[in-house]
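Below are the chains, spelled out letter by letter.
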Amino acid sequence: MVDTNPIKQFEIHEVAPLEIAGLNLAFTNSAFFMLLATAAVTLLMALATNKRALVPGRGQSIAEILYGFVADMVRSSAGNEGLRFFPFVFSLFIFILAANMFGMFPYMPLPIPGVDFHGFTVTSHIIVTLTLSMMVMTIVVGFGIYKNGFKFLKLFVPAGVPPILYIIVTPIEVISFLSRPISLSVRLFANMLAGHILLKVFAGFIVMLGAAGAAWGIVGILPFAMVIGLTALEFLVAFLQAYVFAILTCIYLNDALHPAH
Amino acid sequence: MTLIALINMAVTAAQEAGGGEHEASGAFPPFDPTYFASQIFWLLVTFAALYLLMSRWILPRIGGIIEERRDRIADDLDTAQQISSEADETRSAYEQALADARARAHNLAAEAKAAMDQEIADETAEVDAEIAAKSAEAENKLADARTKALAEVRGIAASAATEAVNLIGGLTVTEKDADEAIKALESRQEKSV
């Protein structure tokens, strides 16, 4: 009997056990995909820019376009001072993009003998996206206080508001600031989770219809067409969510650089 | 209708299939805290590695390539500008030389014309002087000839008168006498005039 469970893709399996200070830090399929994303990005970027050609080839063009794309994103939302965070935003963007793209493989056998793994999307786990967003918020708060000191709190007291309104505005600003890591992480997590569940539910229909009998097999064309459409949509979402995460990071970093706005 | 039936079928199948799993792991995998620590740990490790590789190696390299290209283009544009200005200079120098040569040629022509005019004027003056000298000489000669002729005429008149007197009057008159008589006549004529 074929497994059509759409939740199976999110399961985590231990590959190599590791325990430090009583914490289970086992190397899992999730860690493997993180490592895969890092290695693939580094390798591709290094290979693409290996020639250092004055007139770039296809690979180098893509690397340069990615560089320019993220640099422009940082510059336009956090100004030229924001460029000090360019390596961080670039790493964040490329890591999420690579993790999302590797998640698009419906089946990904691991190069480990005896272990047969399903596809896995790193960013479909709330703990991963939450860690990434907490990383961003730590940098925003840490750098904001380091650079502006007490003036960082001006973020919660927007200029040009009548003093009486601060009673309402300041709590709103505080709540909005505190909800940032949640919205940032849940947006990415929910998009990846929902998209992949939908994809596997429709893919499951094809299998179930195929198993139901000769006549039902023809009806299976409908969910198959749906899966094709959804796959295209998921590729868009995979890119878009990486972009959204990076641009929101830039906007939050801008607050750390210029809290008076 | 078929679609709704299909969705129902899938949901029940998923629940049945997932049922066993849920009992084993205890929760929906993304919310299962068993591997939270592991995921955080490996995310930090891999992301730190990626950050270091990007910020120390890949990004400076791409930045360097882009910078190099920009510099090269700027250099090439500078060189082109330089060559263009050199060409402009050369052209203006050529035009200057041409204008100089024209001016010089003009001057030479004017000088030659002036020299020629001077020569013509000199020669004309010389020839005029010569003509004047020759004419004066001729006039002198004419005057001498006339004087001489007049003197001769007087002599002829005297001898003729002598002869006439001798023939008619039988008188012997010397030429000296005749000459004196003519002179007397002339002076009388002059007085009457």
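To start, this report covers the structure provided alongside it. (Residues numbered from 1 in each chain as written. Chains lettered and ligands numbered in written order. Predicted model: local features only at pLDDT ≥ 70, side-chain atom pairs only at ≥ 80, totals over all residues.)

Now for the overall build of chain A. For chain A, the helix and strand inventory stands at 7 helices and 4 strands. When the elements of chain A are put in sequence order from the N terminus, they spell out β-β-β-β-α-α-α-α-α-α-α. Each of the three principal axes of chain A carries a C-alpha extent, and together these read 75 × 50 × 45 Å. In chain A, which comprises 261 residues, the share counted as buried stands at 38%. The long-range share in chain A, meaning contacts at least 24 apart out of those at least 6 apart in sequence, stands at 63%. (Helix = DSSP H or I, 4+ residues; strand = E, 2+ residues; numbered from the N terminus. Buried ≥ 20, exposed ≤ 12 C-beta atoms within 10 Å, placed from the backbone. Contact = placed C-beta atoms within 7 Å.)

Now for the overall build of chain B. Each helix and strand in chain B was counted, giving 3 helices and 0 strands. The 193 residues of chain B split such that 10% are buried.

On to the packing of helix H4 (residues 126-148) of chain A against helix H2 (residues 36-169) of chain B. Two elements in contact, H4 of chain A and H2 of chain B, have axes separated by 9 Å at closest approach and are oriented at 45 degrees. The angle between H4 of chain A and H2 of chain B falls in the class oblique. H2 of chain B is crossed by H4 of chain A, and the crossing has right-handed handedness. The residues of H2 of chain B that touch H4 of chain A, namely those facing Ile-127, Val-128 and Thr-131 of chain A, are Phe-36, Gln-39, Ile-40 and Leu-43 of chain B. Among the residues making up the contact of H4 of chain A with H2 of chain B, the classes are represented as 5 nonpolar, 2 polar and no charged. (Axes fitted to C-alpha atoms, helices over the stretch in contact; angles between N-to-C directions. Parallel < 35°, antiparallel > 145°, perpendicular 65-115°, else oblique. Left-handed = near helix turned anticlockwise from the far one by under 90°. Nonpolar A, V, L, I, M, F, W, Y, C, P; charged D, E, K, R; others polar.)

Let's shift gears to the interface of chain A and chain B. Contacts between chain A and chain B engage 44 residues on the former and 36 residues on the latter. Mapped by element, the contributors of at least two residues to the side of chain A that touches chain B are strand E3 (23-24), helix H1 (29-48), helix H2 (58-78), helix H3 (86-102), H4 and helix H5 (166-212) of chain A. Here the side of chain A that touches chain B gets 9 residues from one element, more than from any other, and that element is H1 of chain A. Across the side of chain A that touches chain B, the residue classes break down as 27 nonpolar, 13 polar and 4 charged.

Moving on, we come to H2 of chain B. Residues and elements named next belong to chain B. Between its first and last C-alpha atoms H2 spans 191 Å; for 134 residues at 1.5 Å apiece the expected length is 200 Å, and the two agree. If you look at H2, its biggest bend is around 45 degrees, right at Met-54. Gly-170 sits one or two positions beyond H2 and adopts a positive phi of about 70 degrees. (Expected span 1.5 Å × (residues − 1). Bend = angle between axes of the 7 residues up to and from the residue.)

What follows covers the environment of Val-122 of chain A. Residue and element names in this part refer to chain A. Considering the arrangement of structural elements, one finds Val-122 in the loop between H3 and H4. With 28 C-beta atoms counted inside 10 Å, the residue Val-122 sits in the buried group. In sequence terms Val-122 and Ala-31 are 91 residues apart; their C-alpha atoms lie 8.2 Å from each other. Those residues in contact with Val-122 that lie beyond four places of it in its chain are Ser-30, Phe-33, Met-34, Ala-37, Ala-99, Gly-103 and Val-128.

Geometry only, nothing functional implied.
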